[in-house]
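Here are the chains, one letter per residue:
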Amino acid sequence: MNGKARLVSILQVVLPALLLGVALYGGFRSLGPLPPLGTFLHPTAGIWAVAAQRELPGGTVRIPGVTDSVTVVFDNRAVPHIFARNVEDAYRALGYLHARFRLFQLELTTRAAAGRLAEWFGKSALACDSEQRALGLAWSARRDAAALDSTSEEGRQLIAYADGVNAWIDAMGPADLPLEYRLLNAKPERWNPYRTFLFSKRMSYTLAYSHPDRTYARLVERVGRAAADALIGEAARIHEPVIPTGRDSPRVDLRPLPAPAPAPAPVLGDAATTLPRDGALPSHRRTDREASNNWAVAPQRTANGYALLAGDPHLDLTLPSVWYEAHLVVPEALDVYGVTFPGAPGVLIGFNRDVAWSFTNTGADVLDYYAETLDNLDRPTQYELDGVWIPLKREIEEYFGPHGKLLATDTLYYTHRGPLRRDSLGARSVRWTVLDQEVGLRPFLDMIDARSVGDWLGAMEFHLAPIQNGVVADRSGEIAMFLPGAYPIRPGGRAGFTLFDGSTSSSDWQGFLPVSRYPLSRNPEQGFLVSANQQPVDPATDSTYFGARWPAPWRAMRINQLLRADSAVTPDAMRRYQVDPGSARVEQFLPAMLSAVESASPALVGSEAIEAARLLGEWDGQYVPDNERAVLFELVLGALKDATWDELLVPGDTLGRRVMTPGEDVLAVLLGDPTSVWWDDRRTAETVESRDAVIVASLIAGYREAIERYGEPADGGWRWGRVGTANIYHLLRFSSLSALDLPVRGGRGTIPQMSERGTHGPSWRMVVELGPEVRAWGVYPGGQSGNPTSRWYKDRLQLWADGGLDPLPFPRTAAELARETTAGSFTIRSVRP
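Keep in mind that what you see is a predicted model, and the values were worked out from it rather than measured. (Residues numbered from 1 in each chain as written. Predicted model: local features only at pLDDT ≥ 70, side-chain atom pairs only at ≥ 80, totals over all residues. Heavy atoms only, no water.)

Some details on the overall build of the protein
Put simply, the test is: Helix and strand assignments follow DSSP, with helices taken as H or I runs no shorter than four residues and strands as E runs no shorter than two, numbered in order from the N terminus. Three exposure classes are used, based on accessible area relative to the maximum for each residue type with a 1.4 Å probe and protein chains only: buried under 20%, partly exposed in between, and exposed over 50%. Only heavy atoms enter the contact rule, under which two residues are in contact if any of them lie within 4.5 Å. Every accessible area reported is derived by Shrake-Rupley at a probe size of 1.4 Å, with residue values counting cover from the shown protein chains alone.
Looking only at helices and strands, the protein has 25 helices and 32 strands in total. Across the 833 residues in the protein, those meeting the buried criterion constitute 60%. A separation of at least 24 residues holds for 72% of the contacts in the protein among residues at least 6 apart in sequence. Carbon and sulfur atoms make up 52% of the accessible area of the protein, which amounts to about 31,500 Å² in all.

Observations concerning the pairing of strand 18 (residues 406–414)
The side chains of a regular strand alternate between the sheet's two faces. Counted only if it meets this: Strands are labelled as partners when DSSP assigns at least two bridges between them.
Of the strand pairs in this sheet, strand 17 (residues 393–400) and strand 18 are connected by eight bridges, and their pairing is antiparallel. In the sheet register, Ile396 faces strand 18, and the bridge partner there is Thr411. Here strand 17 folds back onto strand 18 in antiparallel fashion, the turn holding five residues, of which Gly404 has a positive phi close to 85°. Relative to strand 19 (residues 419–423), strand 18 runs antiparallel, the two sharing two bridges. Within the sheet, the bridge partner assigned to Tyr413 lies in strand 19 and is Leu420.

A closer look at the nonpolar core
Going by this rule: Put simply, a nonpolar core is a bunch of buried Ala, Val, Leu, Ile, Met, Phe, Trp, Tyr and Cys residues held in one set by side-chain atoms that sit within 4.5 Å of each other.
The biggest cluster of nonpolar side chains holds 133 residues, and the ones touching the most others in it are Trp323, Phe351, Trp432 and Trp456. A per-element tally of this core places helix 4 (residues 87–114) first, with 16 residues. Ignoring anything within four residues of it in the chain, the contact list for Trp432 reads Leu135, Leu137, Ser204, Tyr205, Ala208, Tyr209, Val366, Leu367 and Trp509. Counting 63 residues, the second-largest nonpolar core is a separate cluster that includes Val586, Ala612, Leu648 and Ile695.

Thoughts on the packing of helix 20 (residues 607–617) against helix 23 (residues 691–710)
Selection criterion: To get an axis, fit a line to the C-alpha atoms, keeping to the stretch in contact for a helix; angles then go from 0 to 180 degrees between the N-to-C directions. What sets the label is the angle itself: under 35 degrees gives roughly parallel, over 145 gives roughly antiparallel, 65 to 115 gives roughly perpendicular, and the rest give oblique. Charged means Asp, Glu, Lys or Arg here, nonpolar means Ala, Val, Leu, Ile, Met, Phe, Trp, Tyr, Cys or Pro, and polar covers whatever is left, Gly included.
Packing of helix 20 against helix 23 brings their axes to within 8 Å, and their N-to-C directions diverge by 80°. Judged on the interaxial angle alone, helix 23 and helix 20 are roughly perpendicular. Touching Glu608, Ala609, Glu611, Ala612, Leu615 and Leu616 of helix 20 are Val696, Leu699, Ile700, Tyr703 and Arg704, all from helix 23. Taken together, the residues of the contact of helix 20 with helix 23 break down into eight nonpolar, no polar and three charged.

Focus on the packing of helix 18 (residues 584–598) against helix 23
It is at 9 Å that the axes of helix 18 and helix 23 come closest, and there the two elements cross at 105°. Of the possible angle classes, the one that applies to helix 18 and helix 23 is roughly perpendicular. Across from Ala592, Met593, Ala596 and Val597 in helix 18, the residues of helix 23 making contact are Asp692, Ile695, Val696 and Leu699. In the contact of helix 18 with helix 23, the residues fall into seven nonpolar, no polar and one charged.

A look at the side chain of Asn294
Put simply, the test is: In protein, a polar contact means a hydrogen-donor-capable atom and an acceptor-capable atom, both N or O and within 3.5 Å, with residues adjacent in sequence counting only if both atoms are side-chain atoms; elsewhere, any N or O pair within 3.5 Å suffices.
Along the chain, Asn294 turns up in strand 6 (residues 293–297). A polar atom in the side chain of Asn294 sits 3.3 Å from the backbone oxygen of Asn469. Polar contacts involving the side chain of Asn294 include one to the side chain of Ser531, which spans 2.7 Å. With residues up to four places along the chain from it excluded, the contact list for Asn294 reads Ala310, Gly311, Ser358, Phe359, Thr360, Asn469, Val471, Met481, Leu529, Val530 and Ser531.

Some details on the sheet that holds strand 27 (residues 739–743)
Across the sheet, which stays open at both edges, the three strands sit in the order 9-26-27 with mixed pairing between neighbours. The open sheet has two edge strands with one neighbour each: strand 9 (318–319) and strand 27. Of the strand pairs in this sheet, strand 9 and strand 26 (residues 725–730) are connected by two bridges, and their pairing is parallel. Each residue of the ladder has a partner; that of Leu319, found in strand 26, is His730.

A short note on the packing of aromatic side chains
For clarity, the cut-off: In this scheme Phe, Tyr and Trp rings, the latter by its six-membered ring, pair at centre separations within 6.5 Å, and the angle between planes marks the pair as stacked below 30 degrees, edge-to-face above 60, and tilted otherwise.
Inspection of the entire model under this criterion finds 31 aromatic pairs. Arranged with centres 5.5 Å apart and planes meeting at 50°, the rings of Trp619 and Phe633 form a pair that is tilted. Taken together, the residues span a long stretch of sequence, with Trp619 in the loop between helix 20 and helix 21 (630–644) and Phe633 in helix 21 at a distance of 14 residues. By the burial criterion, Trp619 is buried, and Phe633 matches it.

Details of the side chain of Thr196
Within the secondary structure, Thr196 sits in helix 10 (residues 193–208). When near neighbours in sequence (up to four residues on either side) are disregarded, Thr196 contacts Leu158, Tyr161, Trp191, Gly343, Ala344, Pro345 and Leu441.

Quick word on helix 20
Quick note on the threshold: The directions from the helix axis to the C-beta atoms form the arc being described.
All of the buried residues along helix 20 are Ala609, Ala612, Ala613, Leu615 and Leu616. The buried residues of helix 20 occupy an angular sector of 160° when projected down its axis, which confines them to one face. Along its buried surface, helix 20 packs onto helix 18, helix 19 (602–605), helix 21 and helix 23.

Here's the deal with the environment of Arg575
Secondary-structure assignment places Arg575 in helix 17 (residues 571–578). Taking the C-alpha atoms as reference points, Arg575 and Gly804, 229 residues apart in sequence, are found 7.5 Å from one another. Apart from residues lying up to four places away in sequence, Arg575 is in contact with Val767, Gly803, Gly804 and Leu805.

Points about the pattern of salt bridges
This is how the line gets drawn: Should a side-chain nitrogen of Lys or Arg be within 4 Å of a carboxyl oxygen of Asp or Glu, the pair is scored as a salt bridge.
Evaluated as defined, the whole model comprises 53 salt bridges. Asp335 is the salt-bridge partner of Arg353, the closest N and O atoms lying 2.7 Å from each other. Of this pair, Arg353 sits in the loop between strand 12 (349–351) and strand 13 (355–361) while Asp335 sits in strand 11 (residues 334–340), and the two are 18 residues apart along the sequence. Here Arg353 matches Asp335 in class, with each residue buried. Among the ionic pairs, Glu634 bridges to Arg585, the shortest N-O distance being 2.7 Å. Taken as a pair, Glu634 in helix 21 and Arg585 in helix 18 lie far apart in primary sequence, 49 residues in all. Note on Glu634: relative accessible area 17%, which makes it buried. Its relative accessible area of 2% is what places Arg585 among the buried residues.

Some remarks on the confidence of the model for the protein
Low pLDDT means the predicted atomic positions in that stretch should not be read closely. The criterion, for reference: pLDDT: the predictor's confidence for each residue, scored from 0 to 100.
Across the protein, the average pLDDT comes to 89, with 90% of residues at 70 or higher. In this model, residues 17–33 is a region of pLDDT below 50 whose contacts with residues beyond four sequence positions or in other chains number 28 contacts. When the criterion is pLDDT under 50, residues 265–288 qualifies, and its contacts beyond four places in sequence or with other chains add up to 70 contacts.

Side note on the sheet that holds strand 30 (residues 775–779)
The strand order 25-6-7-29-30-31 describes an open sheet built from six strands, whose pairing is antiparallel. What marks the edges here is a single partner per strand, and that holds for strand 25 (528–531) and strand 31 (806–807). In terms of strand pairing, strand 29 (residues 765–770) meets strand 30 through five bridges, oriented antiparallel. Looking across to strand 30, one finds that Arg765 is bridged to Val779.

A few points about helix 6 (residues 126–135)
In terms of burial, helix 6 is largely enclosed, as eight of its 10 residues are buried. For helix 6, the complete set of buried residues consists of Leu126, Asp129, Ser130, Glu131, Gln132, Arg133, Ala134 and Leu135. At the exit of helix 6 stands Gly136, carrying a positive phi of roughly 90°.

Describing unusual backbone geometry
Leu319 connects to Pro320 through a cis peptide bond whose omega is -5°. With respect to the element layout, Pro320 can be found in the loop between strand 9 and strand 10 (324–330). For the peptide bond that leads from Ala465 to Pro466, omega is -5°, which places it in the cis range. If you trace the backbone, Pro466 turns up in the loop between helix 15 (453–460) and strand 21 (468–474). Despite not being glycine, Asn185 has its phi angle at roughly 55°, a positive value. Residue class for Asn185 comes out partly exposed when judged on its relative accessible area of 42%.

A few points about the pairing of strand 15 (residues 382–385)
Burial along strand 15 is one-sided: the residues Tyr383 and Leu385 are buried and none of Gln382 and Glu384 is. Bridge count between strand 15 and strand 16 (residues 388–391): four bridges; the pairing is antiparallel. Note on strand 16: the bridge partner recorded for Tyr383 is Ile390. Taken together, strand 15 and the strand that follows it, strand 16, pair antiparallel across an intervening segment of two residues, in which Asp386 is found at a positive phi of about 55°.

Following this line, the structure appears as structure tokens:
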């Protein structure tokens, strides 16, 4: 970097930081967690040192425990290729690199899981900390870490990884402290396997914390049990399952939606002010954040005759990214490339010389609540089980502030099922596989050295939580989709979205499904496999309870549609499919919007509905940045949901929130039943609304809202690139260190789906061709470094936003990396005696 560029990079970080300092704490004294400005502006140890740090390490690095020299070569994308003599040394190197480039990210993630953010951010973080501790993540991580055998293979590898993290922390000088620590006036803590378990629990919380039981209870109160069962049922209404059925099109459940029961009077728990602390409305998972895709294509359907695999997990979009790319080589043991999680050893999604794999989230129901009977609700000591009083386990939690001051204490209680919660709904304990299973990393550490699809499936049989859709392909041409994890068996075969009676052991889980019952498809006749968070199996072929309230299968339908139409798939076609802007969702709803206007009298419809339908009729259904109709479609569909689901409004809630918004698959099927009582708006007792009347009214409402928000259609404000954007925030949400309002392809229900606020989306796109020599391409939104002044901080953003992929160099030796493709190298040796 030349002098001018370095000065610009320094100012880009320092000026926003200075403004932050002036805004939050003038003068030279420390207030709260922030540093005194005198220290902050120190010429060698202050904020200026952030931009003065070396881009990539060089020379020799000493790490305790290293048994042989390790060579690390960075390619021109700053991806480290680690060449070690044994696996533990490779993980020492990976831990060192994670700390060297992502130290603040490592610590922030695990502090959040442990409920220790108040130590950095003060009292404002107490509620978040209390919630996290009440979940039991730190409690279960402590248990798993205590049970870890330090002499086992997994134990040795976790300790080796910690050695690498600590080697960087111990060697850091004042100038090496990352920017975020300076802003918080904080110092990093040393690493240990407990913190890796914390990280694993936090990821499991992100992927497997779903509790539809409370939503179901509110639905029963609002619309009766029959309607609630249909709205939050075990089966989707449109079936395009992960495990293929042999059909060439989705199966649609056309059964009428049961009528809602008469509107009940408000009850305790309806209004937002009486909700328990862990249950904002809606109290189920956020479906706009559920988006990941993966698929594999068998050789008979590819242009080159080799198996192809696409990985496209969607997670929170942050700077730095949740992923860190790496290549690890150990002779006769490892040769694996892919993305790693800063905080854990291993490659989670990637490929080796023979096999490639990826994951999407299954969303299976692995959590239940139990209504417990306590001897005293305020100061409990015992709970009743089968007529016997059982002592509660108790732990005292202490919360400290930035300067070590005790801010609060709390008492957490545990039954034999798990953590106990007390709120306005009573006392409830939770049983959750993430807590009660020993969720180790062994399956993920084993799978990366698989030599075939069979090897990979064998390793993943031992995975427990979170349950995932794992896709795998190998060089022999095999492909498979496997959904491993601990599936609870409830008593009497009941679904898991009811509140269980905790006073009897007969309510407890009766074990878990055997591995032979895990959903699996291997080398299907259709020649491809697809997962996109949709329902795992068609209940017409397998009635096993796996979960409830599955996301609508729009993305799976579109991927299947593309693959069915292409019998000679190329790697570039796989890339294009990952950013395909077409939408099966639009194909479901747009015709109904247009036909409702066409079938009605123009005098009754009105000019606004006619104009809205005309504008939508011009649209090709593609979510690309320069289209000017997707905005209108989204607003009309939102208005249609509001008008249709008036029965689900929370009484007395002034924000117009619903106890639940049914899946779009339910609404799509309801469109085929024009006489359903659900179309009637209960709030207009003197009028009975028809389906088409509701659609027309929604067109008018959406059209008016579009003009109110974005101006007239001809003004240019309706461009999707101005509305459907990605917003990739820095971990502390400093806008100057973020990448905001990025125009991207795709929208709700498309393959490259973004959350409504653009903060959750495609986190790593990868395509692998498994030929005689494995070829791969990939990209993630961001860069390898967590240093905002580094050229590697967000160098991949534009390629990601444009839908491109980088070729991923996969050398067998350090010498294979051509000189012009390397950005640096260093050697790791043991600490001198």
